[in-house]
Amino acid sequence: MPTTRVQQYILFTLGKWIEEANESIKEKPLEISISKNHFIGLVLKGEFAEKQERALYKNLEILEKKKLISYGNKEMKLTPRGQRLYRDINKRIMPYVNVFRKLKEKGPISYTKKAQTVFK
């Protein structure tokens, strides 16, 4: 059964959070994980999704049933299958995200000497 766009979005959000959080401790033999409750709080507080709390729980439960995430000792992790799907999603969207980042960093005009303006 394929995952929906919403489920992929939730999986990507979890995967990206874990990746970024682990970046700060990559020299140590540790790994960061998060509970469902804290992850849902993070999604709501960060306004990453326009879903209600119950809908987020339901999507996480579906991802768990599809064996894309595992939930043990009150901590969520991506399964190997979930990590593969996360990498696939990441590979598809990162070129777009990189364009956005580059244009925000320097501004679109800085990349050309001959920008033109016209009246609307």
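This one's a predicted model, so the numbers in the text were calculated from it and none came from an experiment.

**A few points about the packing of aromatic side chains**
Moving on, step 1. All told, the structure shown has one aromatic pair when counted by the stated rule.
Moving on, step 2. The ring of Tyr 71 carries Lys 36 above its face, with NZ or CZ at 4.5 Å from the centroid.

**Section: the confidence of the model for the protein**
Moving on, step 1. For the protein, the mean per-residue pLDDT works out to 87, and 91% of the residues sit at or above 70.
Moving on, step 2. Ranking the helices and strands of the protein by mean pLDDT puts helix H3 (residues 53–65) first, with 93, and strand E1 (residues 69–72) last, with 90.

**Structural notes on the pairing of strand E2 (residues 75–78)**
Moving on, step 1. The side-chain alternation of E2 yields one buried face, formed by Met 76 and Leu 78, and one unburied face, formed by Glu 75 and Lys 77.
Moving on, step 2. The pairing of E1 with E2 spans four bridges and is antiparallel. By the bridge assignment, Gly 72 is partnered in E2 with Glu 75.
Moving on, step 3. Linking E1 to E2, which pair antiparallel, is a turn of two residues; within it Asn 73 sits at a positive phi near 55 degrees.

**Quick look at the nonpolar core**
Moving on, step 1. In terms of nonpolar packing, the biggest core is built from 20 residues, with Leu 11, Leu 14, Phe 39, Leu 60, Leu 63, Ile 69 and Met 76 touching the most fellow members.
Moving on, step 2. Elements supplying a minimum of two residues to this core: helix H1 (5–23), helix H2 (36–45), H3, E2 and helix H4 (80–106).
Moving on, step 3. The biggest single contributor to this core is H1, with five residues.

**Quick word on the packing of H1 against H3**
In helix packing, the relevant descriptors are the interaxial angle and the interaxial distance, both defined with respect to the helix axes.
Moving on, step 1. Their axes nearest at 10 Å, the elements H1 and H3 cross at an angle of 90 degrees. On the basis of their axis angle, the class for H1 and H3 is roughly perpendicular. Note on element contacts: H3 touches H1 through Leu 56, Asn 59, Leu 60, Ile 62 and Leu 63, opposite Val 6, Gln 7, Ile 10 and Leu 11.
Moving on, step 2. Of the residues belonging to the contact of H1 with H3, the class tally is seven nonpolar, two polar and no charged.

What counts as what
- Residues numbered from 1 in each chain as written.
- Predicted model: local features only at pLDDT ≥ 70, side-chain atom pairs only at ≥ 80, totals over all residues.
- Heavy atoms only, no water.
- Phe/Tyr/Trp six-rings, centres within 6.5 Å; stacked < 30°, edge-to-face > 60°.
- Lys NZ or Arg CZ within 6 Å of the ring centre and 35° of its normal.
- pLDDT = per-residue confidence, 0-100.
- Helix = DSSP H or I, 4+ residues; strand = E, 2+ residues; numbered from the N terminus.
- Buried < 20%, exposed > 50% of the residue type's maximum accessible area, 1.4 Å probe, protein only.
- Pairing = 2+ DSSP bridges.
- Core = buried A, V, L, I, M, F, W, Y, C linked by side-chain atoms within 4.5 Å.
- Axes fitted to C-alpha atoms, helices over the stretch in contact; angles between N-to-C directions.
- Parallel < 35°, antiparallel > 145°, perpendicular 65-115°, else oblique.
- Contact = heavy atoms within 4.5 Å.
- Nonpolar A, V, L, I, M, F, W, Y, C, P; charged D, E, K, R; others polar.

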